Amino acid sequence: MLTLVLRNLLRRPLRNGLTLAGIAAASAVLVCIVAFGDGYRGTLRSELERSGVQMMLVPLGCPYDAAARVLQNNTLEHSLPTNAWEQVRQDPAVAVAAPMLMAASPRHDGRRADLWVGLDETALKLKPWWKMRSGHHWFRNTNEIILGADAAALEIRVPGDKFYSPEVRREFRVAGVLERNGMSDDNALFIPLATAQQMFGQEGRLTAISIRLKDPALVREAAPRLQKIPGAQVVTMTEMMGTFLNLLGAVRTLVLAVAAITIVVSALSVFNTLLAGVIERTTELAVMRAIGASRAQVFLLLVSESLLLTLSGAGLGAALALLLGPRMEALAKTWVPLAPGGSLLTISAESLLRCALLVLCVGALAAIYPAWRASRLQPAIATKSE
Amino acid sequence: MRRGTLPLALLLALAAFFFVRGRWANEKQPQHNPKDYALVEPSPITPWREPAHDLAALFLPATNYVLESRIVTGLTVEIRKQLGRLMHPDENPFRIHRVQHEGQTLGAILITRVKAEHGGIEIVMGVETNGTIRGVLVQSQREPPTVAGAITNASWLAGFAGKNAKSSLRIGVDLPDVPAEARSSAQSIANSVRDQLIVLSFAEMPVEARERAQTHH
């Protein structure tokens, strides 16, 4: 049976080859999307766990909005007093508390803004994804600046270059340029916390404090205590992660819809190929029936052809996904909200198997009508009409 | 040979040819000087931030503009010789904003970004159809007040008018002088203007001239 199926497929190499290519492309897209979803969730979780930030202290207001703004390096309308930092550090459950101040200075055209982030050195403990493309890892004096990858590319700056802000009338020396990490860090201008506070007239004020606890299990115990700090509220990372995953869910649904369309198109292609094959091979199939092949055998023959075609396509698609996946990942990182720094594409055996099964099911479904039509051929009528 | 095998074989051979050709072509690409490029990513394409304002300033009767992208890959070697440096990613394809007045082309607007003393400077250039400069504007910069005042000064920028790709653009000689602290940034602008005119002259070459230049090379 397998030899017969193979021979039938090889008889029309161009047509079957093109169908195979279509299935492979659809399968590759599906594998990448499934792997991307798995990878994003896993990487986000491990990144948050790796950073060890269990909660953030932000000024009163909408806590999710505030935490999302802080994580995306956007400014807040309100701020915390520096003594909030002292209180957080004195809490027995807190291991690391990293203060930050964010501010935006609109450019002269009024359409853009420089995004300034003032950091204390403790922030390095909570930013494990920070990698320097060049230069120093931290400021050596109060007039140094670290640029995100996009900011450096726009201003064509390398370490050692001068950087001037006409809006705040201050000159800096570029200490380092960050490696692109797909996060909002790419556009930010990082300066020492004290410099930022002085530059924006926010002495003694903070935008947020990132907190790592001595033990993650202490979240429930520490949160109510920190919540008592005047003018401040606590947002836990578990709550934040839920928000991000909801955000990703919407993107994923959209992309899955595109993948579904490609699968449907490839199913129609299989259907068309098989139906054309049945019409072309009417006499041959009728002869098969005349010399004793049962309807079930003819039906099975056509279904097997479809399954072999789709299985080959799924295999080829998996190879394509493995080959092109990293490039698609680079592309995806540019439009996914808060893309973590690690690999977003986790192509596991399980995801490959799931996609192959789906493609096989589609192949089997697409084969039903052509196979049924072939099995219903009446040998006498079919041969006579030929 | 079975029917259909030949077209498939031809298709595969063609795909293999382009794949191998692409690989070889990549291998032959000149390597960027690590000193210049390793530390920073290539600068992204410079947007034209205020088209209405710039059109009014450079081509007053203009009614509209059309963006053209010219691929100058075949002329890379010749252009590099003239520029005396590697081409930047935003110079190929070369973006030309054709300025029109009631369907008639008045000239072109070129937008570029140049590395200056304190940050990137974005320049808008108006070029006549004969390749001479009609005017130059600075659309974005982050220089200190003295430098900014000098390089955005209308009378200094007016010095570019009438210059072409072959003109010398030395500060204080061919262009009005600027204060000492602004000289470096001003020279960067002048060099960038010259470079844009050179690339434009190649991008505007008629097909026959392009082929001659490539054959010559």
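Residues numbered from 1 in each chain as written. Chains lettered and ligands numbered in written order. Predicted model: local features only at pLDDT ≥ 70, side-chain atom pairs only at ≥ 80, totals over all residues. Heavy atoms only, no water.

A short note on the overall build of chain A
When its secondary structure is counted, chain A shows twelve helices and twelve strands. The 386 residues of chain A split such that 49% are buried. Sequence-distant contacts, at least 24 apart, represent 79% of the contacts inside chain A between residues at least 6 apart. Carbon and sulfur atoms make up 61% of the accessible area of chain A, which totals about 17600 Å². (Helix = DSSP H or I, 4+ residues; strand = E, 2+ residues; numbered from the N terminus. Buried < 20%, exposed > 50% of the residue type's maximum accessible area, 1.4 Å probe, protein only. Contact = heavy atoms within 4.5 Å. Areas by Shrake-Rupley, 256 points an atom, 1.4 Å probe, with all protein chains shown as cover.)

Considerations on the nonpolar core
Residues and elements named next belong to chain B. In this structure, Trp-156, Phe-160, Ile-189 and Val-193 are the most contacted members of the largest nonpolar core, which totals 39 residues. Broken down by secondary-structure element, the contributors of at least two residues to this core are α4 (76–83), β2 (94–101), β3 (104–115), β4 (120–128), β5 (133–140), α5 (145–151), α6 (154–158) and α7 (180–203). The dominant element in this core, judged by the number of residues it contributes, is α7, at eleven residues. Residues contacting Trp-156, with those up to four places away along its chain left out, are Ala-150, Ile-151, Ile-171, Leu-175, Pro-176, Asp-177, Val-178, Ala-186 and Ile-189. (Core = buried A, V, L, I, M, F, W, Y, C linked by side-chain atoms within 4.5 Å.)

Re the interface of chain B and chain A
Between chain B and chain A, the contact holds 32 residues from the first and 29 residues from the second. When chain B packs against chain A, the two sides together hide about 2700 Å² of surface, and 52% of this comes from carbon and sulfur. Remark: the boundary between chain B and chain A carries four salt bridges. Notably, a salt bridge pairs Asp-114 of chain A with Arg-142 of chain B, separated by 2.9 Å at the nearest N-O pair. Counting every contact that joins chain B to chain A gives 14 residue pairs in polar contact (both at pLDDT 80 or more). Broken down by secondary-structure element, the contributors of at least two residues to the side of chain B that touches chain A are α1 (5–28), β3, β4 and β5 of chain B. (Buried area = accessible area lost by both parts, 1.4 Å probe. Salt bridge = Lys/Arg side-chain N within 4 Å of Asp/Glu carboxyl O. Polar contact = N/O pair within 3.5 Å; in protein donor to acceptor, adjacent residues only side chain to side chain.)

So, the side chain of Thr-19 of chain A
All names here are of chain A. Note on placement: Thr-19 falls in helix α2 (residues 13–51). Engagement of the side chain of Thr-19 in a polar contact is seen with the backbone oxygen of Arg-15, the distance being 2.9 Å. Among the polar contacts listed, one links the side chain of Thr-19 to the side chain of Thr-273, at a separation of 2.7 Å. Residue contacts for Thr-19: discarding those within four places in its chain leaves Ser-269, Val-270, Thr-273 and Leu-309.

Overview of a nonpolar patch on the surface
All names here are of chain A. Taken together, the side chains of Leu-2, Leu-6 and Leu-10 define a hydrophobic patch exposed on the protein surface, amounting to about 310 Å² of accessible area. Following the sequence through the fold, Leu-10 ends up in helix α1 (residues 2–11). For Leu-10, a relative accessible area of 58% corresponds to the exposed category. (Patch = residues over 30% accessible without salt bridge, like charges linked within 9 Å, V, L, I, M, F, W, Y side chains within 5 Å.)

Description of the packing of aromatic side chains
All names here are of chain A. Enumeration over the complete set of coordinates arrives at nine aromatic pairs over all chains. Aromatic pair Trp-116 and Phe-163: ring centres 6.4 Å apart, planes at 75°, arrangement edge-to-face. On the criterion of sequence distance, the pair formed by Trp-116 in strand β4 (residues 113–119) and Phe-163 in strand β7 (residues 162–165) is long-range, its members being 47 residues apart. We classify Trp-116 as buried; its relative accessible area is 0%. An aromatic cluster is defined as three or more aromatic residues linked by ring pairs; in this entry it consists of Trp-116, Phe-163, Phe-172 and Phe-200. Over the aromatic face of Trp-85 sits the side chain of Arg-89, whose NZ or CZ is 4.4 Å from the ring centroid. (Phe/Tyr/Trp six-rings, centres within 6.5 Å; stacked < 30°, edge-to-face > 60°. Lys NZ or Arg CZ within 6 Å of the ring centre and 35° of its normal.)

Considering the sheet that holds β4 of chain B
Strands pair in a sheet through their backbones, by hydrogen bonds, and they do so in one of two ways: parallel or antiparallel. Residue and element names in this part refer to chain B. Strand order in this open sheet of five strands is β1-β2-β3-β4-β5, and the pairing throughout is antiparallel. Each edge of the open sheet carries a strand with a single partner, namely β1 (64–70) and β5. Between one strand and the next, the sheet's axes are offset by a mean angle of 25°, whatever the strand orientation. In the packing of helix α3 (residues 51–58) onto the sheet, the strands contacted are β1, β2, β3, β4 and β5, and the crossing angle to β5 comes to about 150°. (Pairing = 2+ DSSP bridges. Axes fitted to C-alpha atoms, helices over the stretch in contact; angles between N-to-C directions.)

Topic: the pattern of salt bridges
Side chains that differ in charge, positive against negative, can pair when their charged atoms come close. In total, this model carries 31 salt bridges over all chains according to the counting rule given. Between Asp-161 of chain A and Lys-115 of chain B there is a salt bridge, with the nearest N and O atoms lying 2.6 Å from each other. One end of the pair, Asp-161 of chain A, is in the loop between α5 (149–155) and β7; the other, Lys-115 of chain B, is in strand β3, on a second chain. Put simply, Arg-281 of chain A and Glu-284 of chain A hold a salt bridge, and the shortest N to O gap is 3.8 Å. Using a relative accessible area of 27% as the deciding quantity, one classes Glu-284 of chain A as partly exposed. One salt-bridge network, held together by shared partners, links Glu-68, Arg-70, Arg-98 and Glu-204 of chain B.

Regarding unusual backbone geometry
Cis geometry is adopted by the peptide bond preceding Pro-93 of chain B, which originates at Asn-92 of chain B and carries an omega value of 5°. Relative to the helices and strands, Pro-93 of chain B resides in the loop between α4 and β2. The phi angle at Arg-169 of chain A is positive, at roughly 55°, despite the residue not being glycine. Within the secondary structure, Arg-169 of chain A is located in the loop between β7 and β8 (170–178). The phi angle at Glu-102 of chain B is positive, at roughly 50°, despite the residue not being glycine. With respect to the secondary-structure elements, Glu-102 of chain B resides in the loop between β2 and β3.

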